[in-house]
Amino acid sequence: MPLEYLKEINSTNDFIKENLTEYNCNFSGVYTFNQTKGKGVRGNQWISESEKNIALSFCLEDAFVDNSVNLSFWVAIVMRNFIYELSKKIPTYIKWPNDIIIKNKKLCGILIEKHKGITIIGIGLNVFQKNFGNLNTAASFYSLGIYQPYSLHELSENLILKFQENYNLLNNTEWLLTNYNEYLFHKDIVSNFLIKETTKQGIIKGVNKDGLLIVDFENKIEKFRLKELKLIF
Ligand code: BTN
């Protein structure tokens, strides 16, 4: 099954899980502009206004993925580069582990899940949505004023193509680590973090090959896994 469009889906990630017999080879996937029960990371919801944004998921066979850290870096870098080109080269960053940020706002979220030998890569890309209510760190191309008369279908097709074109970099550990750190959001900037309900100030120094975030707290270096800290921005 190549990339298929459906008018409405609860969650594109869940849809693939429920239809694995059809979506079981590399880059087969599904997309919609009306996702009614989108899932985010840490058990959050991913809410998206109907017909304004892209929700797309595609598969990779586990046998083609050496390790999950490389995969997470690869997805973030490919998405970052895709958005950077679309934005006409406005500085575009990766917020650890894999949110894409422009002008201090999140334009794209990524949810990677594993299911029965398949890795499902789910991408939410905000394109035309004007308001995000009280989600004040979210944005779209439109709300950031970098609107182009995109076609959502065309963008979705181009997006999956970008991943296919960059397939050969998926297991290139050194390249991935260097590029990921080059685009890392808030690197070397004094930032506030939420750690176990306490706010602490520190400086992001980078991400290591195991995907851990390295933060300098007044010369005491600490490493964090996902869920152990939250960057406040
Ligand atoms: C995040 O919390 O930042 C991750 C959001 C991921 C949203 C995408 S939209 C397509 C795919 N289907 C889902 O249900 N979630 C992901």
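Residues numbered from 1 in each chain as written. Predicted model: local features only at pLDDT ≥ 70, side-chain atom pairs only at ≥ 80, totals over all residues. Heavy atoms only, no water.

Caption draft 1: How the structure looks around the sheet that holds strand S6 (residues 92–95). In space, the seven strands of this open sheet follow the order S1-S2-S5-S9-S8-S7-S6, with mixed pairing throughout. Each of the sheet's edge strands pairs with one partner strand only, and the pair in question is strand S1 (3–5) and S6. Taking each pair of neighbouring strands and ignoring which way they run, the sheet shows an average axis angle of 20°. Here four bridges tie strand S2 (residues 29–32) to strand S5 (residues 54–61), and the two strands are oriented antiparallel to one another. Bridge pairing links Gly 29 to Phe 58 in S5. Sitting on the sheet, helix H2 (residues 68–86) is in contact with S5, S6, strand S7 (99–102), strand S8 (105–115) and strand S9 (118–125), with an inclination near 145° to S8. Packing against the sheet, helix H3 (residues 152–165) makes contact with S1, S2, S5 and S9, and its axis sits at approximately 25° to S5. (Pairing = 2+ DSSP bridges. Helix = DSSP H or I, 4+ residues; strand = E, 2+ residues; numbered from the N terminus. Axes fitted to C-alpha atoms, helices over the stretch in contact; angles between N-to-C directions. Contact = heavy atoms within 4.5 Å.)

Caption draft 2: Structural context of the nonpolar core. Judged by nonpolar contacts, the single largest core of 62 residues is most densely connected at Phe 58, Trp 74, Met 79, Ile 83, Leu 125 and Phe 163. Looking at this core, the element that brings in the most residues is H2, giving 12 residues. Sequence-distant contacts of Ile 83, that is, excluding residues within four places in its chain, are made with Thr 92, Ile 100, Ile 102, Leu 107, Cys 108, Leu 125 and Phe 141. Counting nine residues, the second largest nonpolar core, distinct from the first, contains Ile 9, Ile 16, Tyr 23 and Ile 118. (Core = buried A, V, L, I, M, F, W, Y, C linked by side-chain atoms within 4.5 Å. Buried < 20%, exposed > 50% of the residue type's maximum accessible area, 1.4 Å probe, protein only.)

Caption draft 3: Region of interest: the site of the ligand. The local shell around the ligand holds 20 residues, among which Ser 11, Thr 12, Lys 39, Val 41 and Lys 106 are the closest. Between an oxygen atom of the ligand and a side-chain N or O atom of Ser 11, the distance comes to 2.7 Å. Thr 12 has a polar side-chain atom sitting 3.0 Å from a nitrogen atom of the ligand. Coverage of the ligand by the protein chains reaches 98% of its 410 Å² of free accessible surface. At the level of secondary structure, the elements contributing two or more residues to the shell around the ligand comprise helix H1 (12–18), strand S3 (38–39), S5, S8 and S9. In terms of residue count, the dominant contributor to the shell around the ligand is S8 (four residues). Its residues assigned to classes, the shell around the ligand shows seven nonpolar, 10 polar and three charged. (Near = heavy atom within 4 Å. Polar contact = N/O pair within 3.5 Å; in protein donor to acceptor, adjacent residues only side chain to side chain. Areas by Shrake-Rupley, 256 points an atom, 1.4 Å probe, with all protein chains shown as cover. Nonpolar A, V, L, I, M, F, W, Y, C, P; charged D, E, K, R; others polar.)

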